[in-house]
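These are the residues of each chain, in order.
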Amino acid sequence: MTVHKLVVVSAGLSKPSSTRLLADRLADSAVRRLALEGREVEVTVVELRDLAVEIANNFVTGFPGAALREAIEAVTAADGLIVVTPIFTASYSGLFKSFFDVLDNDALTGKPVLIAATGGTPRHSLALEHAVRPLFSYLRAVVLPTAVYAATDDWGGAGDGLTDGLPRRIDRAAGELAALLSGRGPAAPAVPSQAASQQVVPFAQQLAALKV
Amino acid sequence: MQFGIFSVGDVTTDPTTGRTPTEHERIKAMVAIARKAEEVGLDVFATGEHHNRPFVPSSPTTMLGYIAAQTERIILSTSTTLITTNDPVKIAEDFAMLQHLAEGRVDLMMGRGNTGPVYPWFGKDIRQGIPLAIENYALLHQLWREEVVDWQGRFRTPLQGFTSTPRPLDDVPPFVWHGSIRSPEIAEQAAYYGDGFFANNIFWPKEHFQKLVNLYRERYAHYGHGTPEQAMVGLGGQVFMRKNSQDAVREFRPYFDNAPVYGHGPSLEEFTEQTPLTVGSPQEVIEKTLTFRETFGDYQRQLFLMDHAGLPLKTVLEQLDLLGEEVVPVLREEFAKGRPAAVPEGPTHAALVAARDEEKVEVAAK
């Protein structure tokens, strides 16, 4: 049976963190829904806190250390992503952005991405729409319609007349992710990299392009 | 196999004393380093070309011409010559002139430079980096091989019946390397012409450069210049040595921690593990350098970066003594072992002249 590769990126800083908690809830819900359809999911969690120094080093040296490289490879090979950041100063955290800064520009192209965030107050929920969503749109990911924001209050509240409670929002977003993943089927297994000669434009062609 | 050093020519404050050499001191230091390289038996001295501070070597043929007059044996080269922003006509003439003055002890490495702003300083468009490298080199290649050149291209005014002067020494152009850190196009270019390919190999993990070198070797064979093993490969390396490994680490650490390119990042230990940098005893340098052959195959030229990050001249000269006395003789011996006869030696003017003459005889025989 084919296995869907789901990668969860969490930028929470404390341990345990509510960001990681939200990430796990979203992942569990997606896995459950896919299991109902008989689909198996392999979940890999990337905790950015553990990679913070390597991410900073990558900016300085231009290449990733071993653990960061592993995380980058996992994200690049994923069938779908759940990305969760705390909202700091009206936007994603610097660490969260930095991780996506060191990925290749096309690493997320076409991948379903569920965006989610945590914050101390519900007033920052639209940061998901004005900061996180454009980031992944730029990376040409397929960003799911439902973005999940969990303020401190949400963990104890039940929603109100206008908004579903957190569990239902989690379930709705995970349902969207599951639907996209099952519609796509798992990505083809990684093709061994092409012969080097196939990646290069033949020199005669490069020269010809310059002919006046 | 040739061994040598390449200098970036940076003026950097010595982090242990806070002293910054003047431009004049740094320029004279580069000359002293080149002379020392010959004295300790190295084969190559190469200088970078930069047009921005904190670097001094903006005029490589001037510097190399001066060094040529004070040396007898060492090959003078560049690392790199900017093929994008220099007029190829001027490169053709400057290096042919240098070739005559240095009795053929000259080759050069093409590169695109380390900074975007250099393009407008010389009236060029940065967005055209790769096309400039391709067109300019095509013209340079022609200027050195054809006496009278009619030429038209996209990036400079046409030439009608032009002869670049002087002609290359013995009518054999200087050997050309193409240096690249990330562009497969440049590996392809080097392969197309049957020129050398130099992988800087310093700042990044070896797997990255391995891909480029393999591509170059494969394409070199594709274009009929020989087998992949016969392609001309040069590699960079970076070392700091003391008799005792711990002394080397202790002395080099402040320079590493404050180095302009990778300082204030990973630790010295992490960086030496992930990149070709070696800080330790001459024996450790020998061992690490020998692993390059496992990664890249038998190759022709090994250049070390020795004078950077604010290391004082005195220290650099001591480093060169160690390199020349304790490291390179062993490397020559070890690299010669098991080296297939078909793998060419490093390029020299004499060898290029001989190859040209042999070709002439073959053509005459037919």
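In what follows, the accompanying structure is described. The residue numbering used here restarts from 1 in each chain and proceeds along that chain's sequence as written. Starting at A for chains and at 1 for ligands, labels are handed out in the order in which the entities are written. At least 70 in pLDDT is required for a residue's local features to be given in this predicted model, at least 80 for side-chain atom pairs to be given and counted, and no such filter applies to totals for whole chains, interfaces and linings, which use all residues.

## Regarding the overall build of chain B
By the criteria applied, helices consist of DSSP H or I runs no shorter than four residues and strands consist of E runs no shorter than two, each listed in order from the N terminus. Each helix and strand in chain B was counted, giving 12 helices and 12 strands. We compute the radius of gyration from the C-alpha atoms alone; for a globule the expected value is 2.2 Å times N to the 0.38, where N is the number of residues. In terms of overall size, chain B behaves like a compact globule, its C-alpha atoms giving a radius of gyration of 20 Å where 366 residues would be expected to give roughly 21 Å. Split into buried and exposed, the 366 residues of chain B put 47% on the buried side. A pair of residues counts as a contact when their C-beta atoms, built from backbone coordinates, are within 7 Å of each other. Considering only residue pairs separated by 6 or more positions, chain B has 74% of its internal contacts joining residues 24 or more positions apart. Residue burial is a threshold on neighbouring C-beta atoms within 10 Å of the residue's own C-beta, all placed from the backbone, with 20 or more meaning buried, 12 or fewer meaning exposed, and counts in between meaning partly exposed.

## Overview of the overall build of chain A
When helices and strands are tallied, chain A shows seven helices and seven strands. Counted from the first residue to the last, chain A has its helices and strands arranged as β-α-β-α-α-β-β-α-β-α-β-β-α-α. Taken along its principal axes, the extent of the C-alpha atoms in chain A is 65 × 40 × 35 Å. By residue count, 39% of the 212 residues in chain A fall in the buried class.

## Section: the interface of chain A and chain B
Tallying the contact residues gives 16 residues for chain A and 27 residues for chain B. Within the residue set of the side of chain A that touches chain B, elements represented by two or more residues are α2 (48-61) and α7 (203-208) of chain A. Polar here means any residue other than Ala, Val, Leu, Ile, Met, Phe, Trp, Tyr, Cys and Pro, which are nonpolar, and Asp, Glu, Lys and Arg, which are charged; Gly is therefore polar. Residues belonging to the side of chain A that touches chain B are distributed by class as follows: nine nonpolar, seven polar and no charged.

## Concerning the pairing of strand β3 (residues 75-78) of chain B
For a regular strand, side-chain orientation follows a simple rule: the groups alternate between the two sheet faces. Residues and elements named next belong to chain B. Residues of β3 alternate between two faces, with Ile 75 and Ser 77 on one and Leu 76 and Thr 78 on the opposite face, all of them buried. Pairing of strand β2 (residues 44-47) with β3, which is carried by four bridges, proceeds in the parallel orientation. Bridging from a neighbouring strand, Val 44 pairs with Ile 75 of β3. A crossover counts as right-handed when, viewed with the strands pointing away from the observer, the path leading from the first strand over the helix to the second turns clockwise. For the crossover from β2 across helix α2 (residues 60-70) to β3, the handedness is right-handed. In short, DSSP must find at least two bridges between two strands for them to pair.

## Some points on the nonpolar core
Generally speaking, soluble globular proteins have nonpolar side chains that are buried together. Phe 45, Leu 76, Phe 197 and Tyr 216 of chain B are the most contacted members of the largest nonpolar core, which totals 92 residues. With nine residues, helix α5 (residues 129-145) of chain B is the largest single contributor of residues to this core. In this view, Phe 45 of chain B contacts Gly 4, Ile 5, Ala 34, Ala 37, Ile 67, Ile 74 and Leu 76 of chain B; residues no more than four positions away in its chain are not counted. Structurally, a nonpolar core is described as a collection of buried Ala, Val, Leu, Ile, Met, Phe, Trp, Tyr and Cys residues joined by way of C-beta atoms within 7 Å. Judged by nonpolar contacts, the second largest core, of 53 residues, contains Val 41, Leu 48, Phe 99 and Ala 116 of chain A.

## Observations concerning α2 of chain A
Residue and element names in this part refer to chain A. Each residue after the first adds 1.5 Å to the expected span of a helix. Given a rise of 1.5 Å per residue, 14 residues ought to cover 20 Å, and the 19 Å separating the end C-alpha atoms of α2 matches this to within 8%. Of all the bends in α2, the largest measures some 30 degrees and sits at Glu 54. Residues Leu 48, Leu 51, Glu 54, Asn 57, Asn 58 and Thr 61 constitute the buried set of α2. Elements in contact with the buried residues of α2: β1 (3-10), β2 (40-47), α3 (66-77) and α4 (94-101). To get the bend at a residue, fit one axis to the 7 residues ending there and another to the 7 starting there, then take the angle between the axes.

Limitation: the analysis is restricted to geometry and does not speak to function.
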